[in-house]
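# Summary of the model geometry
So the chains spell out like this:
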Amino acid sequence: MAMHRGIPTYNLWTGLRQILTHGTITVLAVAIAFSLPGIANYILNEWWPEAQNNANFLLATEVALASVLALLFNLAKIAWDHRQRVLTARLASLVHARNSGSGWWSRRRERALVGQLPAPRDAFVLTLTGYDTFVADDSLLRGVIGKAYEIRVMLVNPVGKALRERADSLPPEITVLTLHTEIEAVIGYLSGLRKFGKMVKLKFYDGEPFWKLIVLGDYVWVQHCHSGFAVREQPEFVFALQHREPRHGLFVPFYMVFLNQWNDARHPEYDFDTNELVYRDASGKETGRDVLSVPSDGTAVPPPAFQGPAAAATDAALLRRPAPERTAAS
């Protein structure tokens, strides 16, 4: 994670840590070298004569030696297995993995890794509602994404069949209306980023979500959208681009998943100024527009609380009003 475009990121603490590591290794090497003659003299002149004349002490020595050798061989086997896993992770370009419900130490490590990321120029996000990424207070990537100049986001269509199917597979407290509210909050946040001069584009897809992808520079965060489980409950993996061997690793395949979804003409783009879905053909020519509106059952649902530029951009949230007939573009 400390690598970006093949160049390591250095800072003062990294330099001090390297100096302390080399100094410690040097001191240990000198101490071992000076202690070897004394250890050899003790074994040959004191320990071995006593063990040779004492059967019980000799038996205890053999048992201790066998135990130490067994421990060393086990450690060597574990080190070899871990080496194979490291090689496998390196081939897949896996630089970080986190299971759901990880403890504070894992979250601390993840924050440290995110803190080492340079500000990316582009940020691409393919997710369900985007609430955990853009709005939630515990989002680790919101700040990094906000630093990008161009931000492309794909969310599930709030008026599509896939969102209702997703809501039906989740616990009863999560309904279509709550998912609508989360999408409203994300649109408000993205509208705030646009007012800060960011180039933000938003599209909606109609299929059932399968992957959550966040591409930041040379890294991609991946989570599986398993049916019946919240995305935040799924393990998270981070893959990096290998510049010397771009064909190696899983960064490029997941990056292409996003690009293929983004370039699919079936997915409409959201117009932040008019609150409309813009439909285009394969050549990019506009074919029609729909007002983005979601049906309301009259239940009062408080909007999720969030901070940031979205607090002043609620005017771009979804409007709960009947949508007119779809009109062809002129």
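Residues numbered from 1 in each chain as written. Predicted model: local features only at pLDDT ≥ 70, side-chain atom pairs only at ≥ 80, totals over all residues. Heavy atoms only, no water.

## Digging into the overall build of the protein chain
Helix and strand counts for the protein chain come out as eight helices and 13 strands. Considering only intrachain contacts with a sequence separation of at least 6, the fraction spanning at least 24 residues in the protein chain is 70%. Carbon and sulfur atoms make up 60% of the accessible area of the protein chain, which amounts to about 19600 Å² in all. (Helix = DSSP H or I, 4+ residues; strand = E, 2+ residues; numbered from the N terminus. Contact = heavy atoms within 4.5 Å. Areas by Shrake-Rupley, 256 points an atom, 1.4 Å probe, with all protein chains shown as cover.)

## A short note on helix α7 (residues 176-195)
Given a rise of 1.5 Å per residue, 20 residues ought to cover 28 Å, and the 29 Å separating the end C-alpha atoms of α7 matches this to within 8%. Counted residue by residue, α7 has 16 buried out of 20 residues, so it is predominantly covered. Downstream of α7 by a residue or two, G197 has a phi angle that is positive, lying close to 90°. (Expected span 1.5 Å × (residues − 1). Buried < 20%, exposed > 50% of the residue type's maximum accessible area, 1.4 Å probe, protein only.)

## Some details on the pattern of salt bridges
Note that side chains of opposite charge can pair when their charged atoms are close. Overall, the coordinates contain 13 salt bridges when judged by the stated rule. When the shortest N-O distance is used, the salt bridge between R232 and D138 registers 2.7 Å. In this pair, R232 is assigned in the loop between β8 (219-224) and β9 (236-240) and D138 in the loop between α4 (131-134) and α5 (142-146), connecting sequence segments 94 residues apart. By relative accessible area, D138 is classed as partly exposed at 38%. With a shortest N-O distance of 2.9 Å, R152 and E150 are connected by a salt bridge. Classification of E150 by relative accessible area gives buried; the value is 10%. Here the salt bridges do not stand alone but share partners, grouping R121, D122, E150 and R152 into one network. (Salt bridge = Lys/Arg side-chain N within 4 Å of Asp/Glu carboxyl O.)

## A few points about the packing of aromatic side chains
For the coordinates displayed, the defined rule picks out 10 aromatic pairs. Between the aromatic rings of Y270 and F272, the centroid separation amounts to 5.0 Å while the plane-to-plane angle is 85°, which identifies the pairing as edge-to-face. Here Y270 falls in the buried class, since its relative accessible area comes to 3%. Members of the aromatic cluster, joined through ring pairs, are F124, F251, Y255, F258 and W262. Positioned above the aromatic ring of W262 is the side chain of K203, whose terminal nitrogen or guanidinium carbon lies 4.5 Å from the ring centre. (Phe/Tyr/Trp six-rings, centres within 6.5 Å; stacked < 30°, edge-to-face > 60°. Lys NZ or Arg CZ within 6 Å of the ring centre and 35° of its normal.)

## Topic: the nonpolar core
Formed by 57 residues in total, the largest nonpolar core has its most connected members in F134, I145, L190, L202, F204 and W221. Ranked by the residues each element gives to this core, the list is headed by α7, at nine residues. Apart from residues no more than four positions distant in its own chain, F134 is found in contact with V125, R142, I145, V153, V186, Y189 and L190. (Core = buried A, V, L, I, M, F, W, Y, C linked by side-chain atoms within 4.5 Å.)

## Examining the packing of helix α6 (residues 161-169) against α7
The contact between α6 and α7 brings their axes to 9 Å, and the two run at 120°. The angle between the axes of α6 and α7 places the two elements in the oblique class. When the axes of α6 and α7 are compared, the crossing they make is right-handed. Across from L163, R164 and A167 in α6, the residues of α7 making contact are V176, L179, H180 and I183. Looking at side-chain class alone, the contact of α6 with α7 contains five nonpolar, one polar and one charged residues. (Axes fitted to C-alpha atoms, helices over the stretch in contact; angles between N-to-C directions. Parallel < 35°, antiparallel > 145°, perpendicular 65-115°, else oblique. Left-handed = near helix turned anticlockwise from the far one by under 90°. Nonpolar A, V, L, I, M, F, W, Y, C, P; charged D, E, K, R; others polar.)

## Things to note about helix α8 (residues 251-262)
The end-to-end C-alpha distance of α8 is 17 Å, a good match for the 16 Å that 12 residues give at a rise of 1.5 Å each. Tucked into the core, α8 has its buried residues touching β4 (122-126), β5 (150-156), β6 (199-205), β7 (211-216), β8 and β9.

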